[in-house]
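The chain contents come next:
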Amino acid sequence: MKSSQSNVTPNIVTYNAAIRACAEGQDLIGAFELVDELIACGLKPTIVTYGSLMTACERVGSVEAASNVFKRMRTQNDEEEEEEMQPNEIIYGAAISCCRKARQPDRAFLLLRRMIKDGLFPNAATFNTVILAHTEGKKPNLDQAILIYRLMKSQKLAAASSSGSTSFPPSSFSTEFNTTTPIFCKPNRQTYNILIQSLSSNRRPEEAELFLRKMRLEDGFVPDVDLYTVTVTAYERNGQPMKALRLMESMREDGYDFYEAKVLNEAFKKAVKLVNVVGRGFSSKASNTTESSSSSSSSSS
(Lines give C-alpha, C1' and ligand atoms only; values in the text may rest on other atoms or scores of the structure.)
Protein backbone atom coordinates (compact mmCIF):
# COMPACT_ATOMS: atom_id res chain seq x y z
CA MET A 1 0.00 0.00 0.00
CA LYS A 2 2.92 2.29 0.74
CA SER A 3 4.51 3.85 -2.35
CA SER A 4 8.22 3.21 -2.83
CA GLN A 5 8.71 6.94 -3.44
CA SER A 6 6.85 8.07 -0.33
CA ASN A 7 8.03 8.41 3.24
CA VAL A 8 4.48 8.48 4.57
CA THR A 9 3.51 5.30 6.39
CA PRO A 10 -0.21 4.39 6.38
CA ASN A 11 -1.77 4.08 9.83
CA ILE A 12 -4.58 1.81 10.93
CA VAL A 13 -7.22 4.38 9.95
CA THR A 14 -5.84 4.45 6.41
CA TYR A 15 -5.83 0.66 6.18
CA ASN A 16 -9.37 0.42 7.54
CA ALA A 17 -10.59 2.87 4.90
CA ALA A 18 -8.81 0.90 2.18
CA ILE A 19 -10.29 -2.39 3.40
CA ARG A 20 -13.73 -0.83 3.41
CA ALA A 21 -13.18 0.34 -0.16
CA CYS A 22 -12.27 -3.22 -1.15
CA ALA A 23 -15.44 -4.44 0.51
CA GLU A 24 -17.61 -2.02 -1.43
CA GLY A 25 -15.77 -3.01 -4.60
CA GLN A 26 -16.33 -6.71 -3.83
CA ASP A 27 -12.59 -7.28 -3.80
CA LEU A 28 -12.39 -9.95 -1.11
CA ILE A 29 -8.83 -11.01 -1.89
CA GLY A 30 -7.63 -7.41 -1.77
CA ALA A 31 -9.30 -6.89 1.62
CA PHE A 32 -7.53 -9.91 3.16
CA GLU A 33 -4.22 -8.90 1.60
CA LEU A 34 -4.49 -5.47 3.21
CA VAL A 35 -5.09 -7.04 6.62
CA ASP A 36 -2.02 -9.23 6.18
CA GLU A 37 -0.03 -6.19 5.08
CA LEU A 38 -0.98 -4.03 8.05
CA ILE A 39 -0.02 -6.85 10.42
CA ALA A 40 3.33 -7.18 8.64
CA CYS A 41 3.83 -3.44 9.20
CA GLY A 42 3.43 -3.92 12.95
CA LEU A 43 -0.13 -2.64 13.20
CA LYS A 44 -2.93 -4.43 15.03
CA PRO A 45 -6.33 -4.98 13.42
CA THR A 46 -9.12 -3.25 15.33
CA ILE A 47 -12.80 -4.06 15.64
CA VAL A 48 -13.34 -1.66 12.72
CA THR A 49 -10.82 -3.63 10.67
CA TYR A 50 -12.66 -6.89 11.25
CA GLY A 51 -16.01 -5.22 10.64
CA SER A 52 -14.86 -4.01 7.23
CA LEU A 53 -13.33 -7.41 6.47
CA MET A 54 -16.58 -9.17 7.35
CA THR A 55 -18.44 -6.72 5.14
CA ALA A 56 -16.18 -7.78 2.27
CA CYS A 57 -17.20 -11.39 2.94
CA GLU A 58 -20.87 -10.43 3.00
CA ARG A 59 -20.71 -8.57 -0.29
CA VAL A 60 -19.65 -11.73 -2.14
CA GLY A 61 -21.49 -14.22 0.07
CA SER A 62 -18.42 -16.20 1.11
CA VAL A 63 -19.21 -18.19 4.26
CA GLU A 64 -15.72 -19.72 4.26
CA ALA A 65 -14.13 -16.27 4.31
CA ALA A 66 -16.52 -15.15 7.08
CA SER A 67 -15.43 -18.14 9.19
CA ASN A 68 -11.84 -17.05 8.56
CA VAL A 69 -12.61 -13.62 10.02
CA PHE A 70 -13.91 -15.15 13.26
CA LYS A 71 -10.85 -17.43 13.36
CA ARG A 72 -8.49 -14.46 12.93
CA MET A 73 -10.19 -12.66 15.82
CA ARG A 74 -9.80 -15.70 18.08
CA THR A 75 -6.15 -16.09 17.09
CA GLN A 76 -5.43 -12.45 17.86
CA ASN A 77 -7.07 -12.83 21.28
CA ASP A 78 -4.97 -15.93 22.03
CA GLU A 79 -1.76 -14.14 21.11
CA GLU A 80 -2.37 -11.01 23.17
CA GLU A 81 -2.66 -10.53 26.91
CA GLU A 82 -4.88 -7.50 26.53
CA GLU A 83 -8.66 -7.57 26.87
CA GLU A 84 -10.22 -9.91 24.33
CA MET A 85 -11.80 -8.42 21.23
CA GLN A 86 -15.32 -9.76 20.76
CA PRO A 87 -17.39 -9.60 17.55
CA ASN A 88 -19.93 -6.79 17.72
CA GLU A 89 -23.39 -6.37 16.20
CA ILE A 90 -21.93 -5.15 12.90
CA ILE A 91 -19.70 -8.20 12.49
CA TYR A 92 -22.45 -10.65 13.42
CA GLY A 93 -24.97 -8.84 11.23
CA ALA A 94 -22.67 -9.00 8.19
CA ALA A 95 -21.87 -12.67 8.84
CA ILE A 96 -25.57 -13.53 9.10
CA SER A 97 -26.28 -11.70 5.86
CA CYS A 98 -23.41 -13.61 4.28
CA CYS A 99 -25.03 -16.93 5.28
CA ARG A 100 -28.32 -15.81 3.82
CA LYS A 101 -26.68 -14.96 0.49
CA ALA A 102 -24.98 -18.36 0.51
CA ARG A 103 -28.37 -20.08 1.06
CA GLN A 104 -27.33 -21.42 4.46
CA PRO A 105 -30.24 -20.50 6.77
CA ASP A 106 -29.25 -22.91 9.57
CA ARG A 107 -25.87 -21.20 9.87
CA ALA A 108 -27.58 -17.81 9.94
CA PHE A 109 -29.76 -18.95 12.84
CA LEU A 110 -26.79 -20.49 14.64
CA LEU A 111 -24.97 -17.14 14.44
CA LEU A 112 -28.06 -15.35 15.75
CA ARG A 113 -28.11 -17.65 18.77
CA ARG A 114 -24.38 -17.21 19.31
CA MET A 115 -24.83 -13.45 19.07
CA ILE A 116 -27.41 -13.55 21.85
CA LYS A 117 -25.17 -15.83 23.89
CA ASP A 118 -22.42 -13.19 23.65
CA GLY A 119 -24.76 -10.67 25.25
CA LEU A 120 -25.43 -8.66 22.10
CA PHE A 121 -28.77 -7.22 21.05
CA PRO A 122 -29.86 -8.18 17.52
CA ASN A 123 -31.90 -5.44 15.86
CA ALA A 124 -34.93 -5.91 13.63
CA ALA A 125 -32.78 -5.91 10.48
CA THR A 126 -30.71 -8.83 11.81
CA PHE A 127 -33.79 -10.83 12.78
CA ASN A 128 -35.35 -10.08 9.40
CA THR A 129 -32.29 -11.39 7.60
CA VAL A 130 -32.51 -14.71 9.46
CA ILE A 131 -36.26 -14.94 8.83
CA LEU A 132 -35.74 -14.15 5.15
CA ALA A 133 -33.03 -16.80 4.90
CA HIS A 134 -35.60 -19.42 5.97
CA THR A 135 -38.26 -18.27 3.50
CA GLU A 136 -36.11 -18.34 0.37
CA GLY A 137 -35.14 -21.19 -1.92
CA LYS A 138 -36.97 -24.20 -3.30
CA LYS A 139 -37.67 -25.66 0.15
CA PRO A 140 -38.40 -22.76 2.53
CA ASN A 141 -38.67 -23.59 6.22
CA LEU A 142 -41.59 -21.37 7.13
CA ASP A 143 -42.16 -23.04 10.50
CA GLN A 144 -38.62 -22.07 11.51
CA ALA A 145 -39.19 -18.53 10.23
CA ILE A 146 -42.25 -18.26 12.49
CA LEU A 147 -40.25 -19.55 15.46
CA ILE A 148 -37.64 -16.85 14.86
CA TYR A 149 -40.44 -14.27 14.84
CA ARG A 150 -41.59 -15.61 18.22
CA LEU A 151 -38.05 -15.41 19.51
CA MET A 152 -37.89 -11.83 18.27
CA LYS A 153 -40.98 -10.93 20.30
CA SER A 154 -39.92 -12.79 23.43
CA GLN A 155 -39.85 -10.49 26.43
CA LYS A 156 -36.79 -12.29 27.75
CA LEU A 157 -34.06 -14.04 25.83
CA ALA A 158 -31.16 -15.99 27.16
CA ALA A 159 -27.84 -17.43 26.24
CA ALA A 160 -28.56 -19.92 23.51
CA SER A 161 -26.24 -22.86 23.37
CA SER A 162 -24.16 -22.81 20.20
CA SER A 163 -24.07 -26.61 20.17
CA GLY A 164 -26.73 -29.05 19.14
CA SER A 165 -29.52 -28.67 16.62
CA THR A 166 -30.10 -25.31 14.98
CA SER A 167 -33.81 -26.04 14.80
CA PHE A 168 -35.95 -26.59 17.86
CA PRO A 169 -39.67 -26.65 18.67
CA PRO A 170 -41.45 -23.83 20.54
CA SER A 171 -41.45 -25.78 23.81
CA SER A 172 -37.65 -25.74 23.94
CA PHE A 173 -37.42 -21.94 24.11
CA SER A 174 -37.85 -22.13 27.88
CA THR A 175 -34.92 -24.52 28.24
CA GLU A 176 -32.62 -23.08 25.56
CA PHE A 177 -33.01 -19.51 26.84
CA ASN A 178 -32.55 -19.33 30.60
CA THR A 179 -31.39 -15.84 31.57
CA THR A 180 -33.65 -12.97 32.49
CA THR A 181 -31.99 -10.40 30.23
CA PRO A 182 -34.74 -8.42 28.48
CA ILE A 183 -33.95 -8.27 24.75
CA PHE A 184 -37.37 -7.58 23.28
CA CYS A 185 -37.06 -6.52 19.65
CA LYS A 186 -40.16 -5.10 18.02
CA PRO A 187 -40.84 -6.47 14.54
CA ASN A 188 -40.97 -3.78 11.88
CA ARG A 189 -43.03 -3.52 8.72
CA GLN A 190 -40.47 -5.52 6.76
CA THR A 191 -40.74 -8.41 9.23
CA TYR A 192 -44.43 -8.77 8.48
CA ASN A 193 -43.97 -8.25 4.75
CA ILE A 194 -41.53 -11.18 4.61
CA LEU A 195 -43.76 -13.54 6.60
CA ILE A 196 -47.08 -12.68 4.98
CA GLN A 197 -45.71 -12.77 1.44
CA SER A 198 -43.97 -16.10 2.07
CA LEU A 199 -46.94 -17.77 3.76
CA SER A 200 -49.31 -16.64 1.03
CA SER A 201 -46.96 -17.76 -1.74
CA ASN A 202 -46.81 -21.20 -0.13
CA ARG A 203 -50.60 -21.45 0.12
CA ARG A 204 -50.86 -20.89 3.87
CA PRO A 205 -53.33 -17.97 3.88
CA GLU A 206 -54.78 -18.66 7.33
CA GLU A 207 -51.39 -18.03 8.92
CA ALA A 208 -50.81 -15.05 6.63
CA GLU A 209 -54.09 -13.55 7.82
CA LEU A 210 -53.04 -14.17 11.43
CA PHE A 211 -49.91 -12.06 10.84
CA LEU A 212 -52.02 -9.37 9.17
CA ARG A 213 -53.94 -9.12 12.46
CA LYS A 214 -50.77 -9.17 14.56
CA MET A 215 -49.32 -6.47 12.37
CA ARG A 216 -52.33 -4.22 13.01
CA LEU A 217 -53.26 -5.02 16.58
CA GLU A 218 -49.95 -5.83 18.28
CA ASP A 219 -47.48 -3.54 16.52
CA GLY A 220 -49.67 -0.77 15.09
CA PHE A 221 -48.84 -1.10 11.40
CA VAL A 222 -51.51 -0.66 8.72
CA PRO A 223 -50.89 -3.46 6.19
CA ASP A 224 -50.23 -2.40 2.60
CA VAL A 225 -52.86 -3.37 0.07
CA ASP A 226 -50.32 -5.74 -1.52
CA LEU A 227 -50.34 -7.89 1.62
CA TYR A 228 -54.11 -8.18 1.51
CA THR A 229 -53.89 -8.96 -2.19
CA VAL A 230 -51.51 -11.92 -1.83
CA THR A 231 -53.50 -13.34 1.08
CA VAL A 232 -56.84 -13.04 -0.68
CA THR A 233 -55.31 -14.58 -3.82
CA ALA A 234 -53.98 -17.49 -1.74
CA TYR A 235 -57.46 -18.13 -0.34
CA GLU A 236 -58.92 -18.01 -3.84
CA ARG A 237 -56.31 -20.47 -5.12
CA ASN A 238 -56.98 -22.80 -2.20
CA GLY A 239 -60.68 -22.86 -3.06
CA GLN A 240 -61.69 -20.97 0.11
CA PRO A 241 -63.91 -18.19 -1.30
CA MET A 242 -65.77 -17.39 1.91
CA LYS A 243 -62.53 -16.67 3.77
CA ALA A 244 -61.35 -14.54 0.84
CA LEU A 245 -64.57 -12.52 0.90
CA ARG A 246 -64.42 -12.11 4.67
CA LEU A 247 -60.84 -10.82 4.50
CA MET A 248 -61.67 -8.40 1.70
CA GLU A 249 -64.53 -7.05 3.76
CA SER A 250 -62.19 -6.52 6.74
CA MET A 251 -60.00 -4.35 4.53
CA ARG A 252 -62.52 -1.57 4.94
CA GLU A 253 -61.31 -1.19 8.54
CA ASP A 254 -57.99 0.00 7.14
CA GLY A 255 -59.65 2.31 4.64
CA TYR A 256 -59.19 0.11 1.56
CA ASP A 257 -61.81 -0.48 -1.09
CA PHE A 258 -61.09 -3.71 -2.91
CA TYR A 259 -63.08 -2.53 -5.94
CA GLU A 260 -60.35 0.06 -6.55
CA ALA A 261 -57.59 -2.58 -6.69
CA LYS A 262 -57.69 -4.43 -10.01
CA VAL A 263 -56.15 -7.64 -8.67
CA LEU A 264 -58.44 -7.69 -5.64
CA ASN A 265 -61.47 -6.93 -7.77
CA GLU A 266 -60.64 -9.89 -9.98
CA ALA A 267 -60.09 -12.08 -6.91
CA PHE A 268 -63.44 -10.88 -5.55
CA LYS A 269 -65.23 -11.82 -8.77
CA LYS A 270 -63.58 -15.26 -8.78
CA ALA A 271 -64.48 -15.78 -5.13
CA VAL A 272 -68.11 -14.81 -5.71
CA LYS A 273 -68.24 -17.06 -8.76
CA LEU A 274 -66.82 -19.96 -6.76
CA VAL A 275 -69.28 -19.33 -3.92
CA ASN A 276 -72.13 -19.42 -6.41
CA VAL A 277 -70.83 -22.62 -7.98
CA VAL A 278 -70.48 -24.26 -4.59
CA GLY A 279 -73.91 -22.97 -3.61
CA ARG A 280 -75.48 -24.39 -6.74
CA GLY A 281 -73.74 -27.68 -6.05
CA PHE A 282 -75.22 -27.88 -2.57
CA SER A 283 -78.64 -26.83 -3.87
CA SER A 284 -78.50 -29.45 -6.62
CA LYS A 285 -77.43 -32.11 -4.14
CA ALA A 286 -80.18 -31.13 -1.73
CA SER A 287 -82.71 -31.17 -4.56
CA ASN A 288 -81.61 -34.60 -5.69
CA THR A 289 -81.81 -35.86 -2.13
CA THR A 290 -85.34 -34.49 -1.78
CA GLU A 291 -86.43 -36.00 -5.09
CA SER A 292 -84.90 -39.34 -4.10
CA SER A 293 -86.77 -39.25 -0.80
CA SER A 294 -90.00 -38.40 -2.55
CA SER A 295 -89.55 -41.27 -5.01
CA SER A 296 -88.88 -43.65 -2.17
CA SER A 297 -92.02 -42.51 -0.37
CA SER A 298 -94.13 -42.95 -3.53
CA SER A 299 -92.77 -46.44 -4.10
CA SER A 300 -93.57 -47.37 -0.53
CA SER A 301 -97.09 -46.14 -0.98
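K.L.:
Tell me about helix α5 (residues 89-101), and please be specific about residues and values.
P.N.:
Here α5 contains 13 residues, and its C-alpha end-to-end distance of 18 Å stays within 8% of the 18 Å for a straight helix at 1.5 Å per residue. Among all positions in α5, only Ile-91, Tyr-92, Ala-94, Ala-95, Ile-96, Ser-97, Cys-98 and Cys-99 are buried. Of the surrounding secondary structure, the elements contacted by the buried residues of α5 are α3 (47-60), α4 (63-79), α6 (105-117) and α7 (124-135). Taking the backbone nitrogen of Ile-90 as reference, a side-chain oxygen 3.2 Å away marks Asn-88 as the first, capping residue of α5. The first or second residue beyond α5 is Arg-103, which carries a positive phi of 60°.

K.L.:
Report on the pattern of salt bridges, specifying residues and quantitative values.
P.N.:
Tallying each qualifying case throughout the model produces 16 salt bridges. Of the charged contacts, one joins Lys-243 and Glu-206 as a salt bridge, the two residues approaching to 3.3 Å between their closest N and O atoms. Of this pair, Lys-243 sits in helix α13 (residues 241-250) while Glu-206 is found in helix α11 (residues 205-217), placing the two residues 37 residues apart along the sequence. Residue classification places Glu-206 among the partly exposed positions, given a relative accessible area of 35%. A network of salt bridges, in which partner residues are shared, links Arg-20, Glu-24, Glu-58, Arg-59 and Lys-101.

K.L.:
So what's going on with a positive patch on the surface? Which residues, and what values?
P.N.:
On the surface, Lys-71, Arg-74, Arg-114 and Lys-117 cluster together into a patch of positive charge. Within the residue set of the positive patch, elements represented by two or more residues are α4 and α6. Position of Lys-117 relative to the elements: it lies in helix α6.

K.L.:
Give me the lowdown on the packing of helix α2 (residues 28-40) against α4, citing residues and values where you can.
P.N.:
With their axes 12 Å apart at the nearest point, α2 and α4 run at an angle of 15° to one another. With respect to each other, α2 and α4 are oriented roughly parallel. Considering how the two elements wind past one another, α2 and α4 form a crossing that is left-handed. On α4, the residues touching Leu-28, Phe-32, Val-35 and Asp-36 of α2 are Ala-65, Asn-68, Val-69 and Arg-72. Residue classes in the contact of α2 with α4 are distributed as 5 nonpolar, 1 polar and 2 charged.

K.L.:
Which residues make up the environment of Ala-234, and what are the values?
P.N.:
By the secondary structure assignment, Ala-234 is in helix α12 (residues 225-237). Placed 35 residues apart in sequence, Ala-234 and Leu-199 show a C-alpha to C-alpha distance of 8.9 Å. Aside from chain neighbours lying at most four places away, what touches Ala-234 is Ser-200 and Pro-205.

K.L.:
I'd love a proper account of the side chain of Thr-231, names of residues and values included.
P.N.:
Topologically, Thr-231 is positioned in helix α12. Not counting the four nearest positions on each side in its chain, Thr-231 is found in contact with Ile-196, Ser-200, Pro-205, Ala-208, Glu-209, Leu-212 and Leu-247.

Conventions adopted
- Residues numbered from 1 in each chain as written.
- Predicted model: local features only at pLDDT ≥ 70, side-chain atom pairs only at ≥ 80, totals over all residues.
- Heavy atoms only, no water.
- Helix = DSSP H or I, 4+ residues; strand = E, 2+ residues; numbered from the N terminus.
- Expected span 1.5 Å × (residues − 1).
- Buried < 20%, exposed > 50% of the residue type's maximum accessible area, 1.4 Å probe, protein only.
- Contact = heavy atoms within 4.5 Å.
- Polar contact = N/O pair within 3.5 Å; in protein donor to acceptor, adjacent residues only side chain to side chain.
- Salt bridge = Lys/Arg side-chain N within 4 Å of Asp/Glu carboxyl O.
- Patch = residues over 30% accessible without salt bridge, like charges linked within 9 Å, V, L, I, M, F, W, Y side chains within 5 Å.
- Areas by Shrake-Rupley, 256 points an atom, 1.4 Å probe, with all protein chains shown as cover.
- Lys, Arg positive; Asp, Glu negative; His and termini not counted.
- Charge placed at Lys NZ, Arg CZ, Asp CG, Glu CD.
- Axes fitted to C-alpha atoms, helices over the stretch in contact; angles between N-to-C directions.
- Parallel < 35°, antiparallel > 145°, perpendicular 65-115°, else oblique.
- Left-handed = near helix turned anticlockwise from the far one by under 90°.
- Nonpolar A, V, L, I, M, F, W, Y, C, P; charged D, E, K, R; others polar.

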